Amino acid sequence: MAESSQDSTTTAVSPNRVAEVKGWFFTTDDSQTALRQDIFSLQVDIRLHVRTLETVPPHLRAIYEGVVSIEPDFFSTLLLIHRLEWLRTTAQPRETVQELWNYMVGLDIEHFHVKMRALMDYAAHAVAGAADHFGQIPGESFYELYEWTNKSEGNCRRLGMELASLVRSASWLMELRDIRDAVVHRGGRVMGFGNPEDGILFQVYRRASINPIVQRAPFMSNKHVVDFQLYAAFYLAELLMFLKRLTDYIRTRFTLQQIGRGGRLLGPGTEVFHAWLTRLEEVMKPEENQGEPLISLSGIGGCP
């Protein structure tokens, strides 16, 4: 697959959908910001479900092995954005820290892309476990699963048409994959720009190139650099929307009972993520995007 630059038309952005993700946050009794997401409790629901069975079906084992890694890595990703925001406020009055600011920004944003790719690979394992034809689906890499689903309607049917449409809705991951692969495998680089008081600004360049990779509104701080707060909020929201729909599908398909009110995540980063989502919501223009989904579940290519 050829590498592609990003543009403003690749994924529709809707303030209504960002508001939906913001609705999953709540304030605890001790005034902390927490995130409720069913994917975080799915592993517990599967464990309780299989207690009633003589043996654990291999498809449920595959789903469990996929989802069990999602919560700790999502927590690590939120911890990463918390560290960047903390460093931004800490560095402003300290010149010695400011000197390191751009280097640290580049390093952490590179790691953000690595984590996002890993999270979707875990999701691919769960998707393969939930397929109509278990054992016939690539489940180690979401990119391979996405490309495989693209190849033919027959592959979509092996996976299950509803699940195939969900997989194909995650075209946004291909954008992150391009960046991650350019940096990790092809000598590209993530560079931080500006001072801490300017925000968390960055750009990505391919090897031996001065042409920026990321050029998508509404993430641009100006025509040259990207606002990471908006960028990260968007892609984390995309990820959560995908995981929510995947969890709903798995619960329905395998009649898994939800225990309690669902899983919740509490810790460093949840408050920062919520604040960044609020910023993303504010910079959008509702009159231009009204009614457009954050991610589209309609099939394309080989899937009707």
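Going by the structure above, here's the rest.
About the thresholds
- Residues numbered from 1 in each chain as written.
- Predicted model: local features only at pLDDT ≥ 70, side-chain atom pairs only at ≥ 80, totals over all residues.
- Heavy atoms only, no water.
- Helix = DSSP H or I, 4+ residues; strand = E, 2+ residues; numbered from the N terminus.
- Buried < 20%, exposed > 50% of the residue type's maximum accessible area, 1.4 Å probe, protein only.
- Contact = heavy atoms within 4.5 Å.
- Areas by Shrake-Rupley, 256 points an atom, 1.4 Å probe, with all protein chains shown as cover.
- Pairing = 2+ DSSP bridges.
- Axes fitted to C-alpha atoms, helices over the stretch in contact; angles between N-to-C directions.
- Parallel < 35°, antiparallel > 145°, perpendicular 65-115°, else oblique.
- Left-handed = near helix turned anticlockwise from the far one by under 90°.
- Nonpolar A, V, L, I, M, F, W, Y, C, P; charged D, E, K, R; others polar.
- Expected span 1.5 Å × (residues − 1).

Visitor: Please clarify how the overall build of the protein chain should be interpreted in this entry.
Guide: Tallying secondary structure elements over the protein chain gives 12 helices and six strands in all. Residue burial in the protein chain is summarised as follows: out of 304 residues, 53% are buried. Of all intrachain contacts in the protein chain linking residues separated by at least 6 positions in sequence, the fraction that spans at least 24 positions is 74%. Here the protein chain has roughly 13,700 Å² of accessible surface; of this, 49% comes from carbon and sulfur atoms.

Visitor: I'm lost on the sheet that holds strand 3 (residues 189-193) in this one. Help?
Guide: A sheet is described by the order of its strands in space; here three strands give the open sequence 3-4-5, paired in antiparallel fashion. Two strands close off the open sheet at either side, each with one partner strand: strand 3 and strand 5 (226-227). Where strand 3 and strand 4 (residues 201-205) come together, five bridges link them in antiparallel fashion. Bridge pairing in strand 4 places Phe193 opposite Leu201.

Visitor: Just to check I follow, could you spell out the packing of helix 6 (residues 142-151) against helix 8 (residues 161-168) for this structure?
Guide: Between two packed helices, both the angle of their axes relative to each other and the distance between the axes serve to describe the pair. Put simply, helix 6 and helix 8 touch, their axes get as near as 9 Å, and they point 120 degrees apart. What the angle tells us is that helix 6 and helix 8 run oblique. Between helix 6 and helix 8 the crossing geometry is left-handed. Taken together, the residues of helix 8 that come into contact with helix 6 (itself represented by Phe142, Leu145, Tyr146, Thr149 and Asn150) are Ala164, Val167 and Arg168. Looking at side-chain class alone, the contact of helix 6 with helix 8 contains five nonpolar, two polar and one charged residues.

Visitor: Quick question: what am I supposed to make of the environment of Asp108 here?
Guide: By the secondary structure assignment, Asp108 is in helix 5 (residues 95-129). When the C-alpha positions of Asp108 and Val190 are compared, they lie 9.2 Å apart, and in sequence the two are 82 residues distant. Aside from chain neighbours lying at most four places away, what touches Asp108 is Leu80, Arg83 and Leu84.

Visitor: Quick question: what am I supposed to make of helix 2 (residues 39-50) here?
Guide: Turn by turn, an α-helix covers 3.6 residues, leaving residues three or four places apart pointing in a common direction. Between its first and last C-alpha atoms helix 2 spans 17 Å; for 12 residues at 1.5 Å apiece the expected length is 16 Å, and the two agree. Looking at helix 2, one finds that the buried residues are Ile39, Phe40, Ser41, Leu42, Gln43, Asp45, Ile46 and Val50. Against the buried residues of helix 2 lie strand 2 (33-36), helix 3 (58-67), helix 4 (70-91), helix 10 (228-253) and strand 6 (264-266).

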